[in-house]
Amino acid sequence: MSTQTIGAARTTTTVRNRFLSQVLRFDAVASGGLGVLLLGANSVLDDMLGLPRVLSLSAGAFLLVWTAALLLIARRPDLNRTAVSEVVVVNLAWVVASIAAVFTIDLTGLGIAFVLAQAGAVALFAELQLMGLRKTA
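These remarks concern the structure in this document.

The rules we used
Residues numbered from 1 in each chain as written. Predicted model: local features only at pLDDT ≥ 70, side-chain atom pairs only at ≥ 80, totals over all residues. Heavy atoms only, no water. Helix = DSSP H or I, 4+ residues; strand = E, 2+ residues; numbered from the N terminus. Expected span 1.5 Å × (residues − 1). Buried < 20%, exposed > 50% of the residue type's maximum accessible area, 1.4 Å probe, protein only. Arc of directions from axis to C-beta. Contact = heavy atoms within 4.5 Å. Core = buried A, V, L, I, M, F, W, Y, C linked by side-chain atoms within 4.5 Å. Patch = residues over 30% accessible without salt bridge, like charges linked within 9 Å, V, L, I, M, F, W, Y side chains within 5 Å. Areas by Shrake-Rupley, 256 points an atom, 1.4 Å probe, with all protein chains shown as cover. Salt bridge = Lys/Arg side-chain N within 4 Å of Asp/Glu carboxyl O.

## Comments concerning helix H3 (residues 53–74)
With 22 residues, H3 extends 31 Å from end C-alpha to end C-alpha; this agrees with the ideal 32 Å at 1.5 Å per step. Where H3 is concerned, the buried positions are Ser56, Ala59, Gly60, Leu63, Trp66, Thr67, Leu70, Ile73 and Ala74. Projected down its long axis, H3 carries its buried residues within an arc of 140°, all on one side. Facing away from the buried surface of H3 by more than 90 degrees, the exposed residues are Val54, Val65 and Leu72. In the core, the buried residues of H3 are packed alongside helix H1 (18–40), helix H2 (42–49), strand E3 (79–80) and helix H4 (81–104).

And the structure:
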């Protein structure tokens, strides 16, 4: 079900979609888990994966803020289509940045696998979010 609220200056479209809400929550759980891992185990990750400590710390902190944003978006029964579209864009930017990291950072073999695996998971979330948006169009 879609609803549209029209104000004097702007139009906001919201959707009620349980699948999309669940995907956003799963994305939040995965993002939060990775954020905690990057923050809590950054020295180990630096050695095992070749991830620079500053990257682990900054990405981990970003992911915790991102988790909060995802939960705020997903908690409402009517999801804002624009907000969900922006989540997809950020997720796709993360995938591109992850692939770029593989080519620009001196990662170990395990580090390359780790970065590509999490990029694949994020790409899957983006695809599922797009599917959810398409179902409501």
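## Structural notes on the nonpolar core
Leu24, Leu38, Leu51 and Val84 are the most contacted members of the largest nonpolar core, which totals 27 residues. Of all the elements in the fold, those that place two or more residues in this core are H1, H2, H3, H4 and helix H5 (109–135). Excluding residues that lie within four positions of it along the chain, Leu24 makes contacts with Leu70, Ile73, Ala74, Leu79, Val84, Val87 and Gln129.

## Points about a nonpolar patch on the surface
Taken together, the side chains of Ile99, Phe103, Ile112 and Leu116 make up a nonpolar region of the molecular surface, amounting to roughly 390 Å² of accessible area. At the level of secondary structure, the elements contributing two or more residues to the nonpolar patch comprise H4 and H5. Note on Ile112: relative accessible area 31%, which makes it partly exposed.

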